[in-house]
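Observations on the three-dimensional arrangement
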Amino acid sequence: MTNGWTDIKNADVVLAMGGNPAENHPCGFKWVMEAKRKRGAKLVSVDPRYNRTSAVADLYVPIRSGTDIAFLGGLIRHALSSGRFHEEYVKLHTNALFLLEPGSELGEDGLFGGFDGTRYDRSRWRYALEGGHARRAASLDDPGCVFQHLKRHFDRYTPAVVADICGSSVQDFLKAADVVTSTGTADRAGTILYALGWTQHSTSVQIIRAAAILQLLLGNVGRPGGGVNALRGHANIQGGTDHGVAFHALPGYLRMPVPEDATVERYLERITPRPLSPASMNYWGNTPRFFVSLMKALYGARATAANGWAFDWLPKVADNYSWVYIFDRMYSGGIQGLIDLGMNPVANGPNTEKMIAALGKLEWAVIAEAFETETAQFWRVTRQPTRAEVFLLPAAIFAEKDGSFTNSSRWAQWKHKAADPPGEARADQEILARIFLRVRELYAKEGGRFPDPILGLEWPYANPFDPSLEEVAKEINGRDLTAGKQLSGFAELKADGSTSSGNWLYCGSFTEAGNLMARRDPRDPSGLGRHEGWAWNWPMNRRILYNRAGADAEGRPWDPSRPAIRWDGSRWTGDVPDTLSDAPPGALDAFIMLPEGVAKLWAPDFADGPFPEHYEAAEHPVENLLHPKTTSNPVAPVFKGDLDRLGDVKEYDIVATTFRLTEHFHYWTKHIAPTTALQPEFFVEVPEGLAAARGIRNEDRVRVSTPRGAVEGRALVTKRIRALKVAGRTIWQVAIPIHWGFAGRASGAKGGAEGRGPMANLLTASVVDPNSFTPEYKTFLVKLEKVS
């Protein structure tokens, strides 16, 4: 989130799209209702299903799954063509005036410039530079500036085209557009809430980019009541991302080295950006400070200037190691063993059949879990005999360990253990520590191909077999190694080896003053939901990111009744400023992390284009109405092994999407009696019109199938999913809840082929977004048949 849960109450408009917060984030959704009650905020729900968020919305618009960019593109066009955008904000705080070199435009074939048949040459996408800085136009009317490129790109997304692609009516789209773009003024603010309905597509990153472009045009970033706010699906998904669980990032979103980075100097030269504007603070220019401090946290005194801060000990990423790629490699026999903590890939998918087959080719697997999940017992359902030796390590659940959760709002909140884990169950840190210490012992005794990173790893904990998480939290925060004291913030980090920090973003969370994540002061002097004394908000306890953009060129809040920060003549007051506290207005641009210094409407950073563009899902019911020659994302990876079959609309004629229920938490709570009683059985939501056409009545048993697998369950015939008119055709959609499988109390083992249970991901395809590598769970084609 750019803002936070408690800030939503400041919004005048809430667009809930790509998420269903009323059901999937009910505790957070109370702040939407607070905005409606106290500010008269309008809630717009755009979703394939009329869900419980839709039920309390002021306006609901149905949409065909996978067409979000077309809808958002229409909103962008509406803002631009009707003048309902915040022009002063756009000129001051975005790259709208930056001039571009030719070569990045979208052609009539649906391809941006620089496509070589497989991928884009992004060096073709560049600003017009002068003296190393981007040249700026004198006005937004200059045909070579970003703003005019933006207008030309999105001019194709007329209301009629949006309706034709999305299946929404022109009237409903225009109603939504008028409400959403009503916030393009200084005195109004709107927020966007999204979740997995946006992140699980082969165009997921560009969907979110489109939302960011819209919010920047409306002037809604950096302001109370504004922002682009991701609703994370687990208590600590945000914290995991921050700490580098993705294969291509080190903690704090530092880039991983690659084989071409022969030295630490070459690595830092490659990843440290240069400013593109004279007023850009270019805070990523401090990357050497962040990186050297990280290496000191990892390797202590063994990381020295002489050995390049132990740079050679870091892995160099030569391939794609996101988890769908890992399982593809595993299926090909390229991986011998797996350690799996807290993840259930058999149920998580995609293409469950392939997941099971891949695990069956392992020699060994270690599963640390609180329950015997589908992954822990995959060997029960493999089609071929497996030689894999499987170890299930009983692991403590969240209430049986202390530590911190970082929620959607970026609040790092310390929690305390409620009970000891039962029996032989152990906390994650003990499981990891004991495995590491045994591996290190083997390296010390037997040597190995490359023992240095293991033998050299800093392990300074009082109990090395079960490290205290407070010790780990202090290590993450970082220390002044000369003074022996905790650091108070990342401005104190140095590149000379005199400071350490396990994650620069969390520097300031555990200082000499103590564990700031454990604070519980509920007071809110601002009245705007900041609650500065509650927990700790990265970075530096800042509650709203980019908050300098919440004020005009003179430092005055756009809306004085809802100030993020304001200039008082000598310093910025209010929230922790996202700029130097004493830098007067005009000295620094607002977006301090970006080389441009301003937010990017046009961005050359992404694999599939500098602007978002509508592409159909890999499995689609119609060709792309904008450019039939390029229907789907041309650079989205589509796996093509013997189990990676895609369906054709001639046989699989219905669009399917997946969703979650309030009563279940992912794949865990089906192991628990009370939640199982609340939602005991798998079902499929089927529209009334489709059910009538197929002779299906409520509670009839139906089979849903793709070329990859099939599930069976009762039909829940509903009015909540409407027939959509797309390019003159009627398109039907069905919806499938994700929570079932063949393990647990609510297993529904008869709902899938050969005892696999009704796992939704038996149906989904091995297709991923080219930037995030997240699978396309939310849109695929299915066949629907009545069984009994």
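Residues numbered from 1 in each chain as written. Predicted model: local features only at pLDDT ≥ 70, side-chain atom pairs only at ≥ 80, totals over all residues. Heavy atoms only, no water.

1. Looking at the overall build of the protein chain
As a reminder, the rule being used: Secondary structure counts use DSSP, requiring at least four H or I residues in a row for a helix and at least two E residues in a row for a strand, with both numbered from the N terminus. C-alpha atoms define the radius of gyration, and 2.2 Å times the number of residues to the power 0.38 defines the globule rule. Accessibility here uses a 1.4 Å probe with only protein chains present; expressed as a share of the type maximum, an area under 20% marks a residue as buried, one over 50% as exposed, and anything in between as partly exposed. Note on definitions: a residue-residue contact is assigned when non-hydrogen atoms from the two residues lie within 4.5 Å. A 1.4 Å probe and the Shrake-Rupley method give the accessible areas. Residues count as covered only by the protein chains that appear here.
A tally of helices and strands in the protein chain yields 21 helices and 30 strands. By the compact-globule yardstick of 28 Å for 788 residues, the protein chain fits well, its C-alpha radius of gyration being 26 Å. The principal-axis extent of the C-alpha atoms belonging to the protein chain is close to 75 × 70 × 55 Å. Residue burial in the protein chain is summarised as follows: out of 788 residues, 58% are buried. A separation of at least 24 residues holds for 70% of the contacts in the protein chain among residues at least 6 apart in sequence. Of the roughly 31,000 Å² that the protein chain leaves accessible, carbon and sulfur atoms contribute 53%.

2. So, the pattern of salt bridges
As a reminder, the rule being used: Salt bridges, as used here, are contacts in which a Lys or Arg side-chain nitrogen is within 4 Å of a carboxyl oxygen on Asp or Glu.
Applying the stated criterion across every chain, the model contains 44 salt bridges. For the salt bridge of E458 with R302, the shortest nitrogen-to-oxygen distance reads 3.4 Å. Of this pair, E458 sits in the loop between α18 (452-455) and α19 (469-477) while R302 sits in the loop between α13 (287-299) and α14 (323-331); the two residues are 156 residues apart in sequence, bridging distant segments of the chain. The class for R302 is partly exposed, based on a relative accessible area of 40%. Between E441 and K445 there is a salt bridge, with its nearest N and O atoms 3.1 Å apart. Taken together, the positions of E441 and K445, both in helix α17 (residues 428-446) and 4 residues apart, correspond to about one turn of that helix. A single salt-bridge network, built from bridges that share partners, covers D12, R39, D559 and R562.

3. Side note on the nonpolar core
In plain terms, the rule: Take the buried residues of types Ala, Val, Leu, Ile, Met, Phe, Trp, Tyr and Cys, join any two whose side-chain atoms come within 4.5 Å, and each joined set is a nonpolar core.
With 71 residues, the main nonpolar core has F71, L75, F147, L217 and L601 as its most contacted residues. Once you skip the residues sitting within four places of it in the chain, L601 turns out to touch V90, T94, N95, A96, V146, L150, R209, I213, L216, L217, P610 and F611. Core analysis: the second largest hydrophobic core is formed by 50 residues, A691, W740, L762 and F780 among them.

4. Some details on the packing of aromatic side chains
Under the convention used in this document: Any two rings among Phe, Tyr and Trp, with Trp reduced to its six-membered ring, count as a pair given centres within 6.5 Å; such a pair is stacked if its planes are under 30 degrees apart, edge-to-face if over 60, and tilted if neither. Lysine NZ or arginine CZ positioned within 6 Å of the ring centre and within 35 degrees of the ring normal marks a charge as sitting over the ring.
As enumerated under the stated definition, the model contains 38 aromatic pairs in all. Taking the centre distance of 5.4 Å and the plane angle of 45° together, the rings of F85 and F147 count as tilted. Taken together, the residues span a long stretch of sequence, with F85 in the loop between α4 (68-81) and α5 (87-93) and F147 in helix α6 (residues 146-154) at a distance of 62 residues. Considered together, F85 and F147 belong to a single accessibility category, that of buried residues. A centroid spacing of 6.3 Å and a plane angle of 70° characterise the contact between F291 and F311, whose relative ring orientation is edge-to-face. Of this pair, F291 sits in helix α13 while F311 sits in the loop between α13 and α14; the two residues are 20 residues apart in sequence, bridging distant segments of the chain. Considered together, F291 and F311 belong to a single accessibility category, that of buried residues. Three or more aromatic residues link up through ring pairs in this structure, and these residues are F247, Y321, Y325, F639 and F773. Positioned above the aromatic ring of W538 is the side chain of R410, whose terminal nitrogen or guanidinium carbon lies 5.6 Å from the ring centre. Over the ring of W534 we find R520; its NZ or CZ atom is 5.2 Å from the centre of that ring.

5. Looking at the pairing of strand β24 (residues 683-687)
Condition: Two strands pair if DSSP finds at least two bridges between them.
The buried fraction of β24 is high, at 5 of 5 residues. Side-chain alternation along β24 places F683, E685 and P687 on one buried face and V684 and V686 on a second face that is also buried. Where β24 meets strand β26 (residues 709-718), 5 bridges bridge the pair, whose relative direction is parallel. Bridge pairing links V684 to A715 in β26.

6. Overview of the domain arrangement of the protein chain
Formally: Each domain's extent is set by a domain assignment, obtained either automatically or from a database.
Annotation of the protein chain at the domain level lists domain 1 (5-100 + 154-233), domain 2 (248-258 + 283-319 + 410-539) and domain 3 (654-786). A straight line from the C-alpha centre of domain 2 to that of domain 3 covers 41 Å.

7. Things to note about the sheet that holds strand β15 (residues 479-480)
Here 3 strands make up an open sheet; going across it, the order is β16-β15-β17 and the pairing antiparallel. Strands with a single pairing partner mark the edges of an open sheet, and in this sheet they are β16 (485-486) and β17 (499-500). The sheet contact formed by β15 and β17 spans 2 bridges and is antiparallel. Considered in β17, the bridge of D480 is made with T499.

8. Topic: the packing of helix α7 (residues 159-166) against helix α8 (residues 170-180)
Geometry of a packed helix pair, given as the angle between the helix axes and the separation of the axes. Quick note on the threshold: Here the axes come from fitting lines to C-alpha atoms, over the contacting stretch only for helices, and the angles between their N-to-C directions go from 0 to 180 degrees. Note: crossing handedness is left-handed where the near helix turns anticlockwise from the far helix by less than a right angle, and right-handed where it turns clockwise. Polar here means any residue other than Ala, Val, Leu, Ile, Met, Phe, Trp, Tyr, Cys and Pro, which are nonpolar, and Asp, Glu, Lys and Arg, which are charged; Gly is therefore polar.
In contact at an axis separation of 9 Å, α7 and α8 are set at 115° when each is read in the N-to-C sense. The hand of the α7/α8 crossing is right-handed. Where α7 abuts α8, its residues P159, A160, V162 and A163 lie against V170, F173 and L174. Grouping the constituent residues of the contact of α7 with α8 by class yields 7 nonpolar, no polar and no charged.

9. Some details on the side chain of H201
Tracing the backbone through its elements, the reader meets H201 in the loop between α9 (196-199) and α10 (204-218). For H201, a relative accessible area of 2% corresponds to the buried category.

10. Considerations on the sheet that holds strand β3 (residues 59-62)
The 5 strands are arranged β3-β2-β1-β6-β7 in an open sheet whose pairing can be described as parallel. The sheet terminates laterally at β3 and β7 (228-230), the two strands that pair on one side only. Strand-to-strand, the axes of this sheet are offset by a mean angle of 20°, without reference to chain direction. Where strand β1 (residues 13-17) lies against strand β6 (residues 190-194), 4 bridges are found, and the strand directions are parallel. Bridging across to β6, V14 finds its partner in T191. Against the sheet, α8 contacts β1, β2 (42-47) and β3, and its axis sits at roughly 130° relative to β3.

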